[in-house]
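Chain and residue survey
So the chains spell out like this:
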Amino acid sequence: MKLLLKPIQWVYILYASIVFVGVMLLILPFIFLASFLGRIRGGNVIYYFLWFWSRTWFPAVGIVVKRIYKYDRKDKTPFIYVVNHSTYLDAALAVGVMRLPFRPLGKIEMQKIPLFGFIYKHAVVAVDRSDAKARSRSVRELIATIREGVSILIFPEGTTNDTDKPLTTFHNGAFRIAIETQTALQPVLYLDCMDRLPQSKVVNLNPGLCRIVYLPPVSVTGMTMDDLPALKQQVFDIMEKELLSYR
């Protein structure tokens with residue numbers, strides 16, 4: 001049976017790849033022009049095209065996105081979104097389901113990918129985790145972004161979770177920035193990305209459901225850096241409990 005399904009899977013992967021690249025090529029000229037508008041204004045414009053790309057590609061390849069709101073804010077106050085990270089599909093999903101404008105923190109290595117790297121460079125606050133100075137630079141850029149009224153998105157696990165646990169250990173970055181800028185954290189859960197793209201391998205991509213759960217924000221008003229460990233644990237516990245409830 002698996003041998004019979006293999007050709008169908010390869011046709012599906014080829015189709016998904018063509019649509020992925022095709023839509024990217026369609027929006028690339030507009031992203032190139034928007035890149036001249038500056039880091040904030042240009043970046044905001046770029047994300048509307050990325051929103052179109054994500055909202056086109058997911059339904060085109062049979063991935064149904066379902067939003068579950070346990071908190072739906074009405075104001076435009078910037079937040080720090082903290083999201084669990086299980087597969088590379090998370091990033092493609094984020095640009096279509098997070099409230100604009102926002103900027104994610106991402107790995108600098110992705111800038112090396114032909115074509116996609118150009119878009120990535122102008123859409124993401126890139127970080128070189130092997131360089132302490134580069135990490136500090138990225139944090140300063142994220143702080144400056146929040147102060148311009150733009151939300152940021154951080155995967156606090158730092159990398160994809162390939163364990164059998166709901167979450168892996170959180171890094172301090174998101175919580176340090178939240179306290180320093182007195183910006184509320186909003187936990188968001190991506191529930192099915194690992195099922196849609198197991199092991200982050202393109203050949204494993206398959207259609208189906210992708211659920212996003214928007215949880216109530218966690219206030220940091222009045223907190224200092226002494227509160228960072230407790231804040232990090234609080235958000236970890238909230239996300240872990242909610243993830244377990246969906247298993």
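In this text, all values refer to a predicted model and were calculated from it rather than measured experimentally. (Residues numbered from 1 in each chain as written. Predicted model: local features only at pLDDT ≥ 70, side-chain atom pairs only at ≥ 80, totals over all residues. Heavy atoms only, no water.)

**Section: the overall build of the chain**
Convention followed: Helix and strand labels come from DSSP, where a helix needs a run of H or I of at least four residues and a strand needs a run of E of at least two; each type is numbered from the N terminus. Using C-alpha atoms as the atom set, the radius of gyration is obtained and then compared with a globule rule of 2.2 Å times the number of residues to the power 0.38. For every residue, the accessible area (1.4 Å probe, protein chains only) is compared with the maximum for its type, and the residue is labelled buried under 20%, exposed over 50%, or partly exposed between those bounds. Residue contacts are counted whenever heavy atoms from the two residues lie within 4.5 Å of one another. The method behind every accessible area is Shrake-Rupley, applied with a 1.4 Å probe, and residues are considered shielded solely by the protein chains displayed. Counting rule for charge: Lys and Arg are taken as positive, Asp and Glu as negative, and neither His nor the chain ends is counted. For the purpose of locating charges, the reference atoms are NZ of Lys, CZ of Arg, CG of Asp and CD of Glu.
Per the secondary structure count, the chain includes 8 helices and 7 strands. For 247 residues, the compact-globule formula gives about 18 Å, and the C-alpha radius of gyration of the chain, at 18 Å, lands near that figure. A buried classification covers 47% of the 247 residues belonging to the chain. The long-range fraction of contacts in the chain, counting pairs at least 24 apart against all pairs at least 6 apart in sequence, stands at 74%. Carbon and sulfur atoms provide 62% of the accessible area of the chain, an area that totals close to 12,800 Å². Looking at the chain, you have 30 positive and 19 negative side-chain charges, and the mean spots of the two groups are 6 Å apart.

**Some points on the nonpolar core**
Test applied: Residue types Ala, Val, Leu, Ile, Met, Phe, Trp, Tyr and Cys, when buried and joined through side-chain atoms within 4.5 Å, form a set referred to as a nonpolar core.
By size, the foremost hydrophobic cluster in this structure holds 46 residues, and its most contacted members are Leu-50, Trp-57, Ile-63, Met-98, Phe-102, Leu-153 and Tyr-190. By residue number, the principal contributor to this core is helix α1 (residues 2-34), which donates 10 residues. With residues up to four places along the chain from it excluded, the contact list for Leu-153 reads Tyr-81, Val-83, Ala-94, Met-98, Phe-102, Arg-103, Pro-104, Leu-105 and Tyr-190. By size, the runner-up hydrophobic cluster in this structure holds 31 residues, among which are Ile-80, Ala-174, Ile-179 and Val-213.

**Observations concerning the pattern of salt bridges**
For side chains of opposite charge, pairing can occur when their charged atoms come near one another. Selection rule: Between Lys or Arg on one side and Asp or Glu on the other, a salt bridge is scored when a side-chain nitrogen of the former is within 4 Å of a carboxyl oxygen of the latter.
One pass over the structure, following the stated rule, counts 2 salt bridges. Close ionic contact of Lys-70 with Glu-242 constitutes a salt bridge, the shortest N to O distance being 2.3 Å. Taken together, the residues Lys-70 in the loop between β1 (63-69) and β2 (80-83) and Glu-242 in helix α8 (residues 228-245) connect sequence positions 172 residues apart. For Lys-70, a relative accessible area of 43% corresponds to the partly exposed category. Arg-211 is the salt-bridge partner of Asp-192, the closest N and O atoms lying 2.9 Å from each other. Note that Asp-192 is positioned in the loop between β6 (185-190) and α7 (193-196) and Arg-211 in strand β7 (residues 208-214), a separation of 19 residues in sequence. Both residues of the pair, Asp-192 and Arg-211, belong to the buried class.

**Some remarks on α8**
Note the cut-off: Given the number of residues in a helix, its expected span is that number minus one, multiplied by 1.5 Å.
With 18 residues, α8 extends 26 Å between its outermost C-alpha atoms, agreeing within 8% with the 26 Å of an ideal straight helix rising 1.5 Å per residue. Those residues of α8 that are buried lie in contact with β2, α6 (173-181) and β6.

**Focus on the environment of Tyr-214**
Relative to the elements of secondary structure, Tyr-214 occurs in strand β7. On the basis of relative accessible area, Tyr-214 is assigned to the buried category, the value being 5%. Sequence separation between Tyr-214 and Val-19 is 195 residues, and the spatial gap between their C-alpha atoms is 28 Å. The residues touching Tyr-214, leaving out its near neighbours within four places in the chain, are Arg-67, Ile-68, Tyr-69, Lys-70, Tyr-71, Val-97, Met-98, Gln-186, Pro-187 and Val-188.

**Notes on the packing of helix α2 (residues 41-60) against helix α4 (residues 116-123)**
Threshold: Axis definition: a line fitted to C-alpha atoms, over the contacting stretch in the case of helices. Angles run 0 to 180 degrees between N-to-C directions. Note that the term roughly parallel is reserved for angles under 35 degrees, roughly antiparallel for angles over 145, roughly perpendicular for angles of 65 to 115, and oblique for everything else. Gly is placed with the polar residues, together with every amino acid not listed as nonpolar (Ala, Val, Leu, Ile, Met, Phe, Trp, Tyr, Cys and Pro) or charged (Asp, Glu, Lys and Arg).
Packing of α2 against α4 leaves a shortest axis separation of 9 Å and a crossing angle of 130°. Comparing their axes, α4 and α2 come out oblique. From α2, Gly-43, Ile-46, Tyr-47 and Leu-50 reach across to α4, where they touch Ile-119, His-122 and Ala-123. In terms of residue class, the contact of α2 with α4 is made up of 5 nonpolar, 2 polar and no charged.

**What about the packing of α6 against α8?**
We apply this condition: Here is the rule for handedness: rotate from the far helix to the near one, and if that takes an anticlockwise turn smaller than a right angle the crossing is left-handed, while a clockwise turn gives right-handed.
Remark: α6 packs on α8, axes separated minimally by 10 Å, with the N-to-C direction vectors making an angle of 120°. With respect to α8, the axis of α6 lies oblique. Our pair here, α6 against α8, has a crossing hand that is right-handed. In contact with Phe-175, Arg-176 and Ile-179 of α6, α8 contributes Leu-228, Leu-231, Lys-232 and Val-235. Classifying every residue of the contact of α6 with α8 gives 5 nonpolar, no polar and 2 charged.

**Remarks on the sheet that holds β7**
The condition that has to hold: In short, DSSP must find at least two bridges between two strands for them to pair.
With mixed pairing, the 7 strands of this open sheet are ordered in space as β1-β7-β6-β2-β5-β3-β4. What marks the edges here is a single partner per strand, and that holds for β1 and β4 (125-127). Averaged over all neighbouring strand pairs, the angle between strand axes comes to 25°, with direction disregarded. On the sheet, α6 packs against β2, β5 (151-154) and β6 and is oriented at approximately 160° with respect to β2.

**Remarks on the packing of aromatic side chains**
To keep things clear, this is the line we draw: Whether two aromatic rings pair depends on their centres lying within 6.5 Å, for rings of Phe, Tyr and Trp, where Trp uses its six-membered ring; planes under 30 degrees apart make the pair stacked, over 60 edge-to-face, and the rest tilted.
Applying the stated criterion across every chain yields a total of 10 aromatic pairs. Consider the rings of Phe-20 and Trp-53, whose centres lie 5.0 Å apart with planes at 80°: the pair is edge-to-face. Residue Phe-20 is located in helix α1, and its partner Trp-53 is located in helix α2; the two are separated by 33 residues in the primary sequence. On the basis of an interplanar angle of 90° and a centroid distance of 5.2 Å, the ring pair of Phe-32 and Phe-36 is categorised as edge-to-face. We classify Phe-32 as partly exposed; its relative accessible area is 42%. Among the aromatic residues, those joined into a cluster by ring pairs are Phe-20, Trp-53, Trp-57 and Phe-58.

In short, shape yes, function no, at least from these values alone.
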